[in-house]
Amino acid sequence: MTATDTLAAMALGLLDGSIRVVDCSAPLGPDTPLLKLPPELADDTPKIEIHEISRYGDRGPFWAWNWLKLGEHSGTHYDAPHHWITGKDYPDGSVDTVNPQFFVAPANVIDCSREAAEDPDFLLTVEHVKAWEAEHGAIKEGEWVLMRTDWDQYNTDEAKFLNADETGPHTPGPTAEVIQYLMDEKKALGWGSQCIGTDAGAAGGFAIPFPAHNLLHKANRYGLASLTNLRELPAKGAILIAAPLKIVNGTGSPIRALALVPAT
Ligand code: MN
């Protein structure tokens, strides 16, 4: 099958509905949960603001439009290598310089929803990933690895989504070893989470603090956060479209993440 045939088959599938588009982004607005940093660090990313410029009225009789105030790392979003000090020197490490070929890629979806429901501090291990590969097939070079936790069920409630107490936030994520394995051995494209960031809530206290951020971006690879609806994706077989805005020197960007899946 030539690439032209493949695209034609895909076009047919999109038109006849046998390929379904799953929306993997959360609503982006004033109620979007945002990361909270410890008080000794810099200001938090600001609450999202949507300001009306005009709406079919005196200031613009025929049109409606808004202007926005939002941080790059707001809502369902993309982390570029320049987000972390370990990736700061890559010439193609900002959202406007990443090769767009990497914005469309196969997705491996590792279902950790049961474990996350039982333990909000659940950490995915290399053993768990290898067992998943034995069942579903190997993770291949250039593919996304997405941790399904169904944490998106909380994303309309910031307190539940962040799940913080006096000991800090409690949300599931990867061990450092998993990210190292995915970068060094699997050459994965990146790592996606359904929580507020790519790392576990407790990851600031790990031996390598925030290992997903540290190791993904050190490898000039990418992160996705606050993904939704991963329960609708197969373990393998989905194509994920995750393209950041082309913000000049941007370290990340909200995205409309879309997964192409078989309808059946
Ligand atoms: Mn981020």
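All of these numbers come straight from a predicted model, not from anything done at the bench. (Residues numbered from 1 in each chain as written. Predicted model: local features only at pLDDT ≥ 70, side-chain atom pairs only at ≥ 80, totals over all residues. Heavy atoms only, no water.)

## Observations concerning the packing of helix α3 (residues 126-136) against helix α5 (residues 176-184)
Between two packed helices, the angle of one axis relative to the other and the distance separating the axes together describe the packing.
Okay, so step 1: At a minimum axis separation of 8 Å, α3 and α5 run at an interaxial angle of 45 degrees. It follows that α3 is oblique to α5 by the angle criterion. Listed contacts from α5 to V126, V129, K130 and E133 of α3 are E177, V178, Y181 and L182. (Axes fitted to C-alpha atoms, helices over the stretch in contact; angles between N-to-C directions. Helix = DSSP H or I, 4+ residues; strand = E, 2+ residues; numbered from the N terminus. Parallel < 35°, antiparallel > 145°, perpendicular 65-115°, else oblique. Contact = heavy atoms within 4.5 Å.)

## Focus: the coordination of the manganese ion
Okay, so step 1: For the manganese ion, the full set of protein donor atoms is H73 (ND1), H77 (NE2) and D79 (OD), at a range of 2.1 to 2.3 Å.
Okay, so step 2: Ordering the donors of the manganese ion by residue number gives the pattern H-x3-H-x1-D.
Okay, so step 3: Residue classification places H77 among the buried positions, given a relative accessible area of 4%.
Okay, so step 4: A relative accessible area of 2% means that D79 is categorised as buried. (Donors = N, O, S within 2.8 Å, 3.2 Å for Na, K, Ca; no water. Buried < 20%, exposed > 50% of the residue type's maximum accessible area, 1.4 Å probe, protein only.)

## Points about the packing of aromatic side chains
Okay, so step 1: All chains considered together, the criterion is met by 6 aromatic pairs.
Okay, so step 2: Ring geometry for Y78 versus Y222: centroids 5.7 Å apart, planes at 25 degrees, classification stacked. Taken together, the residues Y78 in strand β4 (residues 77-79) and Y222 in strand β12 (residues 222-225) connect sequence positions 144 residues apart. Pair check on accessibility: Y78 and Y222 agree, each one buried.
Okay, so step 3: On the numbers, 4.9 Å between centres and 80 degrees between planes, the contact of W151 with Y154 is edge-to-face. (Phe/Tyr/Trp six-rings, centres within 6.5 Å; stacked < 30°, edge-to-face > 60°.)

## Some thoughts on helix α6 (residues 211-218)
Okay, so step 1: Of all 8 residues that make up α6, 7 are buried, and the element is covered over most of its length.
Okay, so step 2: Taken together, the buried positions of α6 are P211, A212, H213, N214, L215, L216 and H217.
Okay, so step 3: Residues of α6 that are buried in the fold lie against β4, β10 (173-174), α5, β11 (190-193) and β12.
Okay, so step 4: N220, located one to two residues past α6, shows a positive phi value of around 60 degrees.

## Section: the nonpolar core
Okay, so step 1: Core analysis: the biggest nonpolar cluster contains 25 residues, and C24, Y78, W144, L146, L224, L233 and L240 have the highest contact counts within it.
Okay, so step 2: Within the residue set of this core, elements represented by two or more residues are β5 (104-111), β7 (144-148), β12, β13 (238-241) and β15 (258-262).
Okay, so step 3: With 3 residues, β5 is the single largest residue contributor to this core.
Okay, so step 4: Contacts of C24, omitting those with residues within four sequence positions, involve T76, S226, L227, T228, L230, L233, L240, A257 and A259.
Okay, so step 5: If you look at the next biggest cluster of nonpolar residues, it comprises 21 residues, including I110, V178, L182 and M183. (Core = buried A, V, L, I, M, F, W, Y, C linked by side-chain atoms within 4.5 Å.)

## Remarks on the pattern of salt bridges
Okay, so step 1: Taken as a whole and assessed by the stated rule, the structure comprises 15 salt bridges.
Okay, so step 2: Note that R148 and D111 form a salt bridge whose closest N and O atoms lie 3.3 Å from each other. Of the two residues, R148 is situated in strand β7 and D111 in strand β5; the sequence distance between them amounts to 37 residues.
Okay, so step 3: Here D111 falls in the partly exposed class, since its relative accessible area comes to 38%. (Salt bridge = Lys/Arg side-chain N within 4 Å of Asp/Glu carboxyl O.)

## Some remarks on a negative patch on the surface
Okay, so step 1: Taken together, D119, D121, D165 and E166 make up a surface patch of like negative charges.
Okay, so step 2: Looking at the secondary structure, you find E166 in the loop between β8 (164-165) and β9 (168-169). (Patch = residues over 30% accessible without salt bridge, like charges linked within 9 Å, V, L, I, M, F, W, Y side chains within 5 Å. Areas by Shrake-Rupley, 256 points an atom, 1.4 Å probe, with all protein chains shown as cover. Lys, Arg positive; Asp, Glu negative; His and termini not counted. Charge placed at Lys NZ, Arg CZ, Asp CG, Glu CD.)

## Focus on the layout of surface pockets
Okay, so step 1: Estimates place the volume of the largest pocket at around 930 Å³.
Okay, so step 2: Of all elements in the fold, only β4, α4 (158-162) and β9 reach the threshold of two or more residues within the lining of the largest pocket.
Okay, so step 3: Class assignment of the residues belonging to the lining of the largest pocket gives a composition of 17 nonpolar, 17 polar and 5 charged. (1 Å grid on protein atoms, 1.4 Å probe; cavity = no way out; pocket = protein on both sides within 12 Å on 5 of 7 lines; lining within 4 Å. Points joined across faces, edges and corners; volume = space filled by probe spheres on them. Nonpolar A, V, L, I, M, F, W, Y, C, P; charged D, E, K, R; others polar.)

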